[in-house]
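# Architecture and fold: a report
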Amino acid sequence: MDILETAAYDRRQRRNTYCVLLLSLSPFFLAIAVYFYLWIPDSSPSILAAAIKAAPVISLALLVLSYKGGRSLLGVAGGLIFSAGGDCCLIWPELFLHGMASFALAHLLYSLTFLSTRYSSPSSSSSLSYFFCLLLWLLGGGLYAYLFPFLQKTPDAAALTPGVGVYVALIVLMATLAVRTRRPLIMLGSLIFMTSDLTLALQTFKVTEPLEHGRHIVMTTYYLAQLLIAVGDIKAAEGGDEFAKWKKS
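Residues numbered from 1 in each chain as written. Predicted model: local features only at pLDDT ≥ 70, side-chain atom pairs only at ≥ 80, totals over all residues. Heavy atoms only, no water.

## Comments concerning the overall build of the chain
What counts, and what does not: Numbering of helices and strands starts at the N terminus; helices are DSSP runs of H or I of at least 4 residues and strands are runs of E of at least 2. The cut-offs for exposure are 20% and 50% of the maximum accessible area for each residue type, with area from a 1.4 Å probe on protein chains only; residues under the lower value are buried, those over the upper are exposed, and the others partly exposed. By definition, residues are in contact when any of their heavy atoms lie within 4.5 Å. The method behind every accessible area is Shrake-Rupley, applied with a 1.4 Å probe, and residues are considered shielded solely by the protein chains displayed.
Within the chain one finds 10 helices and 0 strands. Along the chain, from the amino end to the carboxyl end, the secondary structure elements read α-α-α-α-α-α-α-α-α-α. Evaluated residue by residue, the chain yields a buried proportion of 45% over its 249 residues. The contacts of the chain with a sequence gap of at least 6 include a subset with a gap of at least 24, amounting to 74%. Counting every atom, the chain has about 13,100 Å² of accessible surface; 71% of that belongs to carbon and sulfur.

## Some remarks on unusual backbone geometry
One non-glycine residue, Arg182, adopts positive backbone phi at about 60°. The topology assignment puts Arg182 in the loop between helix H7 (157-181) and helix H8 (184-204). Owing to a relative accessible area of 13%, Arg182 belongs among the buried residues under this scheme.

## Brief notes about the UniProt feature "transmembrane region" (unreviewed entry) in the chain
Basically, it comes down to this: UniProt positions are given in the numbering used here, feature names are shortened, and annotations may be inferred rather than shown by experiment.
Following the UniProt record, one finds the feature "transmembrane region" (unreviewed entry) at residues 20-40, 46-65, 72-93, 128-147 and 159-178. Each end of residues 72-93 is marked by a C-alpha atom, and these two atoms are 30 Å apart; helix forms 64% of the span and strand 0%. From the first C-alpha to the last, residues 128-147 spans 28 Å; its make-up is 100% helix and 0% strand.

## Description of the state of the cysteines
To keep things clear, this is the line we draw: Disulfides are defined as cysteine sulfur pairs within 2.5 Å.
Taken as a whole and assessed by the stated rule, the structure comprises 0 disulfides. Free of any disulfide, Cys89 has its nearest cysteine sulfur in Cys88, 6.9 Å distant.

## Let's talk about the nonpolar core
This is how it is decided: For the purposes of this section, nonpolar cores are sets of buried Ala, Val, Leu, Ile, Met, Phe, Trp, Tyr and Cys residues that join through side-chain atoms within 4.5 Å.
With 60 residues, the main nonpolar core has Leu80, Tyr110, Phe114, Val164, Phe193, Phe205 and Tyr223 as its most contacted residues. Looking at this core, the elements with two or more residues in it are helix H2 (26-38), helix H3 (47-68), helix H4 (76-89), helix H5 (96-114), helix H6 (127-151), H7, H8 and helix H9 (214-235). Val164 has contacts with Met100, Tyr144, Leu147, Leu151 and Phe205, leaving out every residue within four places of it along the chain.

## A few points about the side chain of Thr113
Quick note on the threshold: Throughout this description, a polar contact denotes any pair of N or O atoms lying within 3.5 Å of each other; where both atoms belong to protein, one of them has to be capable of donating a hydrogen while the other can accept it, and for residues adjacent in sequence the pair is counted only when both atoms sit in side chains.
Looking at where Thr113 falls in the secondary structure, it is placed in helix H5. A polar contact is formed between the side chain of Thr113 and the backbone nitrogen of Val76, at a distance of 3.4 Å. Look past the residues within four positions of Thr113 in its chain and what remains in contact with it is Leu74, Gly75, Val76, Arg118, Tyr119 and Asp233.

## Considerations on a nonpolar patch on the surface
Convention followed: The residues that make up patches have over 30% relative accessible area and no salt bridge, and they are joined within 9 Å when like-charged or within 5 Å when they are Val, Leu, Ile, Met, Phe, Trp or Tyr. Put simply, a salt bridge is a Lys or Arg side-chain nitrogen that is within 4 Å of an Asp or Glu carboxyl oxygen.
Residues Leu128, Phe131, Phe132, Leu134, Leu135 and Leu138 make up a contiguous nonpolar surface patch of roughly 610 Å² in combined accessible area. Relative to the helices and strands, Phe131 resides in helix H6.

## Brief notes about the side chain of Asp233
Assignment of secondary structure puts Asp233 in helix H9. In this structure, Asp233 is in contact with Val64, Lys68, Val76, Thr113, Arg118, Tyr119 and Ile186, ignoring residues within four places of it in sequence.

## Description of the packing of H7 against H8
Short version of the rule: Lines fitted to C-alpha atoms define the axes, with helix axes restricted to the stretch in contact, and inter-axis angles between N-to-C directions lie between 0 and 180 degrees. When describing relative orientation, an angle under 35 degrees is termed roughly parallel and one over 145 degrees roughly antiparallel, while 65 to 115 degrees is termed roughly perpendicular and anything else oblique. By convention, the crossing between two helices is left-handed when the near helix turns anticlockwise from the far helix through less than a right angle, and right-handed when the turn is clockwise. Polar here means any residue outside two lists: the nonpolar Ala, Val, Leu, Ile, Met, Phe, Trp, Tyr, Cys and Pro, and the charged Asp, Glu, Lys and Arg; Gly therefore counts as polar.
At a minimum axis separation of 8 Å, H7 and H8 run at an interaxial angle of 160°. As the angle between them shows, H7 and H8 are arranged roughly antiparallel. Of the two possible hands of crossing, H7 and H8 adopt the one that is left-handed. Note on element contacts: H8 touches H7 through Ile186, Met187, Ser190, Phe193, Met194 and Asp197, opposite Tyr167, Ile171, Val172, Met174, Ala175, Ala178, Val179 and Thr181. Residue classes in the contact of H7 with H8 are distributed as 11 nonpolar, 2 polar and 1 charged.

## Points about the packing of aromatic side chains
Quick note on the threshold: For Phe, Tyr and Trp, where Trp contributes only its six-membered ring, two rings pair if their centres lie within 6.5 Å, and the inter-plane angle classes them as stacked under 30 degrees, edge-to-face over 60, or tilted in between.
Evaluated as defined, the whole model comprises 12 aromatic pairs. Seen from their ring centres, Phe96 and Phe205 are 5.9 Å apart, and the 85° between their planes marks the pair as edge-to-face. Taken together, the residues Phe96 in helix H5 and Phe205 in the loop between H8 and H9 connect sequence positions 109 residues apart. Judged by relative accessible area, which is 9%, Phe205 ranks as buried. Here Phe193 and Tyr222 contribute two aromatic rings whose centre-to-centre distance is 5.6 Å and whose plane-to-plane angle is 80°, an arrangement assigned as edge-to-face. One end of the pair, Phe193, is in helix H8; the other, Tyr222, is in helix H9, and 29 residues separate them in sequence. For the pair shown, Phe193 and Tyr222 are each scored as buried.

Written out as C-alpha cells, the structure reads:
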C-alpha cells in the first residue's frame with residue numbers, strides 16, 4: 001500500500017468514525033427535541049420534568065462511558081452525571097444551592113480530566129494562552145464583584161454569597177484548564193458553559209429584567225457546551241495536538 005492509498009484509507013477510517021459518533025449522538029438530539037417540544041420548565045416541578053431536563057446530559061454521560069470505560073466516571077462522564085443531578089435540582093427553586101453544588105463538582109471533575117496526561121501537550125503553553133487565562137480570571141472576579149450586591153439581597157445570602165464565589169472560581173478554573181488543552185471543542189465548550197451560566201446568573205439574581213428568550217439562551221448554550229466537552233473528551237483519545245491540526249484544516 002503506497003502513501004496515497006494509506007492517506008485515502010486513513011480518511012475513510014476517520015469519516016467512518018465520525019459517522020458512528022454522529023449516529024451515537026442520536027439519543028442526545030432526540031432528548032433535546034423532547035425537552036424543547038414539551039418545554040417542561042414552564043410546568044410545575046415534578047420527577048418527570050427533572051428526568052426530561054436531565055435526559056440529554058445523561059445520554060452524553062452514557063456515550064462517554066461507552067467510549068472511555070468506567071475510568072471516565074472520575075472524569076467527564078462523572079462531570080456529566082453531576083450536571084444531570086444539578087439539572088434535576090434546579091427544577092425545584094428551593095434546591096438551587098444543591099444544584100449549584102452539583103455543578104461545582106462537575107466542573108471540578110472536568111478540571112481534573114483536563115489536567116490528565118491524555119490532554120497534555122509539549123506545546124500546550126504560550127504567552128497568548130497565559131494572557132487569555134488571565135482575562136478569564138479577571139472576568140470571573142469582575143463578574144462576582146458585580147453580582148455581590150445582588151447576592152446580598154437574596155434570602156439565602158449567608159450561604160449563597162460565598163457559594164457563588166466558590167462556583168465562579170471552579171468554572172473559571174475549568175475554563176482555564178480547557179484553554180491549556182489547546183483542543184478547540186473543549187475550549188469552545190468551556191467558554192459557552194460560562195456564557196450559559198452568566199446568562200442564568202443575571203436573570204436569577206435579578207441583575208437584569210428577565211429576557212424574552214432568556215431560558216432558550218440558557219438551555220441551548222448549556223446543552224451545546226456539554227455536547228462539545230463530551231465529544232472533545234472522546235476525540236482526545238486520538239492523541240496529538242488537535243489545535244495544530246485544526247489550524248491546518
